[in-house]
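Architecture and fold: a report
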Amino acid sequence: MAGPHNHGHDHDHSHDPIEMADVPGYYEVMETAIRELLIDKGLIAANDIRRQIDVLDSRTPAVGAQVVARAWTDSAFKERLLADGRAGCEELGITFYDDTQLIVLENTEQVHNLIVCTLCSCYPRPVLGLPPDWYKLKPYRARAVSEPRKVLAEFGTVIRDDVEIRVSDSTAVVRYLVLPRRPAGTEGWSVDALAAIVTRDAMIGVIPVTVESPLTLENEAA
Amino acid sequence: MNALATILPALDELPAFAPGDRVHVLNRAPIGHYRVPIYLRGHVGTVVKVIEPSMIDNEEEGYGRNAGGKRHYYRVALPLPKLWPHYQGAPRDELHVEIFETWLERA
């Protein structure tokens, strides 16, 4: 089924170590050549590329956390967000530069949502930025759809059997954002205070939001 | 009668399936760029949402073709215990995925 990995498409991959190699790789040379040609022909300017990098850098989990915190504190907004995720985010000024649609999936007492892209690394970049490496690697991609409870347990998230697991496989034009459950003990908190406890992993659906862990431990893992 | 009240959309502007419809994911094996994971092909699911607006065929677009008319994507729910014979979990666990109209037929 899984043949040699096809590099003929435009998704990003994490095969190469993140370091400056002595000799640029095949795809690096190709990217440079195409970029220089596009600039030489006047189709894009070098500054356009720098601008797009800034666009990508401006999208981080803190953006998604604002959306979640707003939904927790404004029920009318939450309703609009669940009806049309993209339109809800656009209300807050979040643009969808990649022209994807967004479905916001609400975790409840009865349903726990988990997102994955089995084909590659589709991810709600306009609202969360770049995906974590584990999200792009095959073990997560294959196992999230076949044994989600086991995968969740490895993240420390044990879901009771009477709660339905709903795995969303992002394969085409739709992206997902999980709206986690608001933890108890946060009554009366401001939007910014709530946003500070909403983590990237909670918006992927692998962990809940808790009051105790204001920031993820991703720096330790890096 | 107001002319706006009698406007007829073309057939391909209307979704072929509605929420609640049982659909069969076709078991095709096209060569090249595809968006329906192999583990879902041949399985039966239930439409839970029509994705608006209709869009061009993503697979054709991958080759620089827009394949003419637009069609809808559907959010389809499939029971995980049916997808995986040895599935360990709760019976109601589900897989949700968006599938382009050309990959579905009525089950």
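Our structure is the block above this text.
Here the residue index of a chain counts from 1 through its sequence in written order. The naming scheme follows written order: chains are lettered A onward, ligands numbered 1 onward. Side-chain atom pairs in this predicted model are given and counted only at pLDDT of 80 or more, local residue features only at pLDDT of at least 70, and totals for whole chains, interfaces and linings cover all residues.

**Here we look at the interface of chain A and chain B**
The cut-off we apply is this: By definition, residues are in contact whenever their C-beta atoms, placed on the basis of the backbone, come within 7 Å of each other. Runs of E in the DSSP output that reach at least two residues are strands. Runs of H or I that reach at least four are helices, and both are numbered from the N terminus. Here the nonpolar group is Ala, Val, Leu, Ile, Met, Phe, Trp, Tyr, Cys and Pro; Asp, Glu, Lys and Arg are the charged ones; every other residue, Gly included, is treated as polar. Strand pairing follows a simple DSSP-based rule, namely that at least 2 bridges must link the two strands.
Listed per partner, the contact involves 21 residues of chain A and 23 residues of chain B. Sorting the residues of the side of chain A that touches chain B by element identifies helix H8 (138–146), helix H9 (148–154) and strand S3 (164–169) of chain A as the ones contributing at least two each. Examining the composition of the side of chain A that touches chain B, we find that 6 residues originate from one element, S3 of chain A, more than from any other. Residues of the side of chain A that touches chain B, tallied by class, amount to 9 nonpolar, 6 polar and 6 charged. Pairing analysis gives 4 bridges linking S3 of chain A to strand S4 (residues 94–100) of chain B, with the strands arranged parallel. Counted as the bridge partner of Val167 of chain A is Leu95 of chain B from S4 of chain B.

**Observations concerning the environment of Arg70 of chain A**
Looking at where Arg70 of chain A falls in the secondary structure, it is placed in helix H3 (residues 61–73). Not counting residues up to four positions away in its chain, the partners in contact with Arg70 of chain A are Phe77, Leu92 and Val191 of chain A.

**What to know about unusual backbone geometry**
Cis geometry marks the peptide bond from Glu52 of chain B to Pro53 of chain B, where omega comes out at -5°. By the secondary structure assignment, Pro53 of chain B is in strand S2 (residues 44–55). The backbone phi angle of Asp99 of chain A is positive, close to 55°, even though this residue is not glycine. With respect to the helices and strands, Asp99 of chain A occurs in the loop between helix H5 (85–91) and strand S1 (101–106).

**Comments concerning the sheet that holds strand S5 (residues 104–106) of chain B**
Note the threshold: For every element, the axis is a line fit to its C-alpha atoms; helices are fit only across the contacting stretch, and the angle between N-to-C directions ranges from 0 to 180 degrees.
Strands sit in the order S2(A)-S3(A)-S4(B)-S3(B)-S2(B)-S1(B)-S5(B) across an open sheet of 7 strands; the sheet is mixed. Because the sheet does not close on itself, it has two edges, and the strands there are strand S2 (111–116) of chain A together with S5 of chain B. Going from strand to strand, the sheet's axes swing by 35° on average, the running direction of each strand aside. Pairing between strand S3 (residues 71–79) of chain B and S4 of chain B: 7 bridges, direction antiparallel. Within S4 of chain B, the position partnered with Tyr74 of chain B by the bridge is Ile99 of chain B.

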